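Inside the fold
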Amino acid sequence: IAWVGDGNNVLHSIMVSAAKMGIHLKIATPEEYRPDIDIISFAEKEAVTYGTNFLVTPDPLVAVKDANIIITDTWVSMGHDSEKEVRIRAFKGYQVTMDMLSEAAENWRFMHCLPRKSNEVDDEVFYSDQSIIWDEAENRMYTVMAVTLALLGKSS
């Protein structure tokens, strides 16, 4: 998996679980938007324990090199609206494009948590046959429904 974008909570979740599932993870973020240092340390230790590769780099081309799955998310999360212009400038060069993905594995797939902004991923990638964002969103919907039913005490 290659993550290109903000070192946010979605990335943190991937970082703490990837190695346990045997997934190699490469992350590209601008230096000032790297993931939490404690979570980086945890992910590094997990990668050693489970024999996976883990890398954090400022270079998106290094992250996507030979990746099968490329993921990005919003660069301006809720609560960071006042930082929008600063963040957009900081992420210049991080937009996921077909040119960037020419470095990825031939069978790459693209994921995004939605809602998507065009500065994060261009239309060509977002609407491509390799994009699996709609399946991802559908799976997330069913997961939320199952959790809600479990919390309400409903059984199947």
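Quick look at the side chain of Ser77 now. Considering the arrangement of structural elements, one finds Ser77 in the loop between strand 4 (69-72) and helix 4 (84-90). Given a relative accessible area of 15%, Ser77 falls into the buried group. Ignoring sequence-local partners within four residues, the contact set of Ser77 consists of Asp6 and Asn8.

Looking now at the nonpolar core. In terms of nonpolar packing, the biggest core is built from 23 residues, with Ile70, Val96, Leu101 and Phe110 touching the most fellow members. Elements with a minimum of two residues in this core: strand 1 (2-4), helix 3 (60-64), helix 5 (98-101) and helix 6 (123-126). Aside from chain neighbours lying at most four places away, what touches Leu101 is Val64, Ile70, Val96, Trp108 and Val125. Core analysis: the second largest hydrophobic core is formed by 14 residues, Ile14, Ala18, Val56 and Ile71 among them.

What follows covers the environment of Asn139. The topology assignment puts Asn139 in helix 7 (residues 133-152). Sequence separation between Asn139 and Glu83 is 56 residues; the distance between their C-alpha atoms is 31 Å.

By the element assignment, Ala90 lies in helix 4. In this structure the C-alpha to C-alpha distance between Ala90 and Pro58, which are 32 residues apart in sequence, comes to 11 Å. Here Ala90 is in contact with Pro30, Glu32 and Tyr33, once residues within four sequence places are set aside.

Attention now goes to the packing of aromatic side chains. Under the criterion given, the structure shown has 5 aromatic pairs. A centroid spacing of 5.9 Å and a plane angle of 80° characterise the contact between Phe126 and Trp134, whose relative ring orientation is edge-to-face. Among the aromatic residues, those joined into a ring-pair cluster are Tyr33, Trp75, Phe91 and Tyr94. Over the ring of Phe126 we find Arg116; its NZ or CZ atom is 4.2 Å from the centre of that ring.

Glancing now at helix 7. Taking 1.5 Å per residue, 20 residues should reach 28 Å; helix 7 reaches 29 Å between its end C-alpha atoms and fits that length. Positive phi appears at Gly153, one or two residues downstream of helix 7, with a value of about 85°.

The rules behind each value
Residues numbered from 1 in each chain as written. Predicted model: local features only at pLDDT ≥ 70, side-chain atom pairs only at ≥ 80, totals over all residues. Heavy atoms only, no water. Helix = DSSP H or I, 4+ residues; strand = E, 2+ residues; numbered from the N terminus. Buried < 20%, exposed > 50% of the residue type's maximum accessible area, 1.4 Å probe, protein only. Contact = heavy atoms within 4.5 Å. Core = buried A, V, L, I, M, F, W, Y, C linked by side-chain atoms within 4.5 Å. Phe/Tyr/Trp six-rings, centres within 6.5 Å; stacked < 30°, edge-to-face > 60°. Lys NZ or Arg CZ within 6 Å of the ring centre and 35° of its normal. Expected span 1.5 Å × (residues − 1).

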